[in-house]
Amino acid sequence: MKTVLTKDTVIERSRSLPAFPTIINKILTTLDDVEANLNLLAAEIQHDPVIAARVLSRANSAATRTRRLSTVRDIYAATSLIGVDMVREMVMICSLGNLVYGAVPAEMSSTFWQHSVAVGVCSEELALHTAARVSAPAALIAGLLHDIGQLWLYRFDVEAYHIAWKRALSDAIGIEEAEREQFGVDHSTIGVWLAEHWTLPAAIVASINYHHAPDAALDEPLVPLVHVAEVLSNALDLTGRNENRVTSLSSSACEKLGLIWDKNIHPLFGRMEARSRHANALFK
Amino acid sequence: MKTRPRYLPLIEAEVGMLLDAPVRLVNSGFLTFSLPAGHTLTQDNLNQLVAHRAEFIYVAEPDSRPDAQVAADAAHDAHRVMEIFAGADLSDPNIMALFDQVVQYRSA
């Protein structure tokens, strides 16, 4: 083992990361109040011209499809055209994407974020497909943040991070085991420390903690959901990253979600592929 | 002409595309809009789909690839699936079932 990281070190070093977007916690606490949620989104978009441009661009693309003649120029018109769910999803992906892209160089952030977005939309699709007791936005956030500990490790020591990945791939061991050898803790634990520091809901913290070992916390619906979402993201080779591998899949997690692997699952695969490609296009 | 099925975000849908699966949009438990499989999309359909906030459609895309290219693409896809599952325990029925469905999905 080369280094033993502690929670204090992780939190202290996290202060040099771009600030965690406060809009995420606000969205999660106002999901049941559509009007409050919409006002929050409008305020956030007004403060961020990049997000505003992306939302309006998407709304105008939809407007073009319907041959609508006037240009969409404000968030409320955009919302009426593409729906509050779509606007919320774009705000969440863009604001967390800003954190990621501001934290590490593009060669890491791009691959990392594409995978995170893929797992986020797979989690959301699974939540809808399985009727799990999980809100789709919470599933998206949990998926987007499931590997946030890896981002921290990369920023902390890029060389040691690459050594861990190389060892995991060449010796066919889990990345968590390779990280524990290299850093004394794995990315799930670091993700938990960060998520707690950012005061994220306990369900999301649990999904980060157990996404590689869901059997320990199956009663928290987000846990099996994010685990299976990541496996499917790899199985379907979403984003086409070289590291996509399936090494394990919890039967208990699948059972908990009521998943049956037969041809009726193909439409879910199709939606996951299409949504992942579509959501990742936000950053191209 | 041969076709192959493909999910598309609505934003990529075009007039003249052929639906490979029915569209059924449900709001608050009520069916609010539907189109049958085999239907060719019109501009009115696109307007209605946007108005009903449809997100995706399943279309039959024209497939102009020669047979040799279809076979080469299928072999490439199969190889990649094998590579992704190389470290998985395929004696586990759950993983094997997922592997089977991914292979079938890729070969559709």
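These figures come from a predicted structure and were not determined experimentally.

Definitions and cut-offs
- Residues numbered from 1 in each chain as written.
- Chains lettered and ligands numbered in written order.
- Predicted model: local features only at pLDDT ≥ 70, side-chain atom pairs only at ≥ 80, totals over all residues.
- Heavy atoms only, no water.
- 1 Å grid on protein atoms, 1.4 Å probe; cavity = no way out; pocket = protein on both sides within 12 Å on 5 of 7 lines; lining within 4 Å.
- Points joined across faces, edges and corners; volume = space filled by probe spheres on them.
- Helix = DSSP H or I, 4+ residues; strand = E, 2+ residues; numbered from the N terminus.
- Nonpolar A, V, L, I, M, F, W, Y, C, P; charged D, E, K, R; others polar.
- Domains from an automatic or database assignment.
- Core = buried A, V, L, I, M, F, W, Y, C linked by side-chain atoms within 4.5 Å.
- Buried < 20%, exposed > 50% of the residue type's maximum accessible area, 1.4 Å probe, protein only.
- Contact = heavy atoms within 4.5 Å.
- Salt bridge = Lys/Arg side-chain N within 4 Å of Asp/Glu carboxyl O.
- Arc of directions from axis to C-beta.
- Buried area = accessible area lost by both parts, 1.4 Å probe.
- Polar contact = N/O pair within 3.5 Å; in protein donor to acceptor, adjacent residues only side chain to side chain.

### A look at the layout of surface pockets
The calculated volume of the largest pocket comes to roughly 1,400 Å³. Along the walls of the largest pocket sit 42 residues, with L25, R53, A54, E55 and F56 of chain B positioned nearest its centre. The element contributing the most residues to the lining of the largest pocket is helix α6 (residues 84-103) of chain A, with 6 residues. The space that makes up the second largest pocket amounts to roughly 1,000 Å³. Along the walls of the second largest pocket sit 37 residues, with E273 of chain A together with R4, D77, Y105 and R106 of chain B positioned nearest its centre. Going through the elements one at a time, α16 (266-280) of chain A together with β1 (3-9), β5 (56-62), α2 (67-84) and α3 (93-107) of chain B are the ones with two or more residues in the lining of the second largest pocket. In terms of residue class, the lining of the second largest pocket is built from 14 nonpolar, 10 polar and 13 charged. The two domains that each donate at least three residues to the lining of the second largest pocket are domain 1 (3-62) and domain 2 (67-107) of chain B.

### With respect to the nonpolar core
Counting 131 residues, the largest nonpolar core has V228 and W261 of chain A together with L49, I57, F85 and L98 of chain B as its most contacted members. By residue number, the principal contributor to this core is α6 of chain A, which donates 12 residues. Among the domains, domain 1 (3-62) and domain 2 (67-107) of chain B are the pair contributing at least three residues each to this core. Setting aside chain neighbours within four positions, we find I57 of chain B in contact with R6, Y7, L8, L10, A13, L19, V23, L41 and L49 of chain B.

### A closer look at the pattern of salt bridges
Residues and elements named next belong to chain A. Counted by the stated rule, this structure contains 19 salt bridges over all chains. Put simply, R88 and D85 hold a salt bridge, and the shortest N to O gap is 2.7 Å. Residue R88 and its partner D85 are located together in helix α6, separated by 3 residues, close to a single helical turn. Between R275 and E89 there is a salt bridge, with its nearest N and O atoms 2.4 Å apart. Of this pair, R275 sits in helix α16 while E89 is found in helix α6, placing the two residues 186 residues apart along the sequence.

### Regarding the domain arrangement of chain B
Domain annotation of chain B identifies domain 1 (3-62) and domain 2 (67-107). Its C-alpha centre places domain 1 of chain B at a distance of 29 Å from the equivalent point of domain 2 of chain B.

### Examining helix α1 (residues 7-14) of chain A
Residue and element names in this part refer to chain A. When we look at burial in α1, the residues that qualify are V10, I11 and S14. Take α1 and look down its axis: the buried residues cluster within an arc of 95 degrees, on one side only. Buried residues belonging to α1 abut α9 (148-156) and α12 (187-197).

### Side note on the interface of chain B and chain A
Counting residues at the interface gives 33 residues for chain B, matched by 43 residues for chain A. Both faces combined, the contact of chain B with chain A buries some 3,200 Å², and carbon together with sulfur accounts for 57% of it. Residue D237 of chain A pairs with R80 of chain B through a salt bridge whose shortest N-O separation is 2.9 Å. The tally of links from chain B across to chain A stands at 12 residue pairs in polar contact (both at pLDDT 80 or more). Mapped onto the side of chain B that touches chain A, the elements with two or more residues apiece are β1, α1 (43-51), α2 and α3 of chain B. Take the side of chain B that touches chain A: its biggest share by element is 9 residues, from α3 of chain B. Per-class residue counts for the side of chain B that touches chain A are 17 nonpolar, 6 polar and 10 charged.

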